[in-house]
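Residue-level structure breakdown
Residues per chain, in single letters:
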Amino acid sequence: MVTPRKNACAVIVTVEAGPDAMPDLEAHARYGLTRFPEFSGFISAALHKSADGSRLVQYVCWRTEAEYLACVNDPQWDEVPSTGRFMQLIESGEARMDVRVYEVVASVP
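Since the model is a prediction, treat every value here as computed from it, not as a measurement.

Another point: the overall build of the protein. Assigned secondary structure in the protein consists of 3 helices and 6 strands. The secondary structure elements of the protein, listed N-terminal to C-terminal, are β-β-α-β-β-α-α-β-β. Against the compact-globule benchmark of 13 Å for 109 residues, the protein has a radius of gyration of 14 Å, which places it among compact chains. In terms of its C-alpha atoms, the protein occupies a principal-axis envelope of roughly 40 × 35 × 20 Å. Burial statistics for the protein: of 109 residues in total, 33% are counted as buried. Sequence separation of at least 24 residues holds for 72% of the intrachain contacts in the protein that already meet a minimum separation of 6. Summed over all atoms, the accessible surface of the protein reaches about 6,800 Å², with 54% contributed by carbon and sulfur. Here the protein holds 10 positive side-chain charges and 15 negative ones, and the gap between their average locations is 7 Å.

What follows is the structure, given as structure tokens:
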């Protein structure tokens, strides 16, 4: 049964890269899954890798966009070594990232 969902937003991050960059990107995304629950408003998260290994898709559900933004703007992320490597891959063009925030309008358990 599909039910309406109020008070939730989903952040979907898609990262595309070649095989040399993917292990570092995946390690950082996996690390994020361990940190997100520390932040207020976190509901759930999942990380997916495409069958060909060229793309990661991370789905994170938050109560509000403001709580998501508080998480990603937390200065502690700058202290994490994988954050630096992740950003280096994005800035160099070795990886491409797309981040979108969605309103959750319906869900199933």
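Another aspect to go through is the pattern of salt bridges. For the coordinates displayed, the defined rule picks out 7 salt bridges. Linking Arg55 and Glu16 is a salt bridge whose minimum nitrogen-to-oxygen distance equals 2.8 Å. Remark: Glu16 occurs in strand 2 (residues 9-17) and Arg55 occurs in strand 4 (residues 55-62); sequence separation between them is 39 residues. By relative accessible area, Arg55 is classed as partly exposed at 34%.

All right, on to the packing of aromatic side chains then. Overall, the coordinates contain 7 aromatic pairs when judged by the stated rule. Ring geometry for Trp62 versus Tyr68: centroids 6.5 Å apart, planes at 50°, classification tilted. Each member of the pair, Trp62 as well as Tyr68, is classed as buried. Across from the ring centre of Trp77, 4.5 Å away, lies the NZ or CZ of Arg35, which sits over that ring.

Another aspect to go through is helix 3 (residues 81-92). Over its 12 residues, helix 3 extends 17 Å from the first C-alpha to the last, a length consistent with the 16 Å expected when each residue adds 1.5 Å. Restricting attention to buried positions, one finds in helix 3 the residues Thr83, Phe86, Leu89 and Ile90. Down the axis of helix 3, the buried side of the element spans an arc of 130°, and every buried residue falls inside it. Facing away from the buried side of helix 3 by over 90 degrees, the exposed positions are Pro81 and Glu91. Considering only its buried residues, helix 3 is in contact with strand 2, helix 1 (22-35) and strand 5 (95-103). A positive phi of about 85° marks Gly93, the residue just after helix 3.

Here is what the cut-offs are and how they apply
- Residues numbered from 1 in each chain as written.
- Predicted model: local features only at pLDDT ≥ 70, side-chain atom pairs only at ≥ 80, totals over all residues.
- Heavy atoms only, no water.
- Helix = DSSP H or I, 4+ residues; strand = E, 2+ residues; numbered from the N terminus.
- Rg over C-alpha atoms; globule rule 2.2 N^0.38 Å.
- Buried < 20%, exposed > 50% of the residue type's maximum accessible area, 1.4 Å probe, protein only.
- Contact = heavy atoms within 4.5 Å.
- Areas by Shrake-Rupley, 256 points an atom, 1.4 Å probe, with all protein chains shown as cover.
- Lys, Arg positive; Asp, Glu negative; His and termini not counted.
- Charge placed at Lys NZ, Arg CZ, Asp CG, Glu CD.
- Salt bridge = Lys/Arg side-chain N within 4 Å of Asp/Glu carboxyl O.
- Phe/Tyr/Trp six-rings, centres within 6.5 Å; stacked < 30°, edge-to-face > 60°.
- Lys NZ or Arg CZ within 6 Å of the ring centre and 35° of its normal.
- Expected span 1.5 Å × (residues − 1).
- Arc of directions from axis to C-beta.

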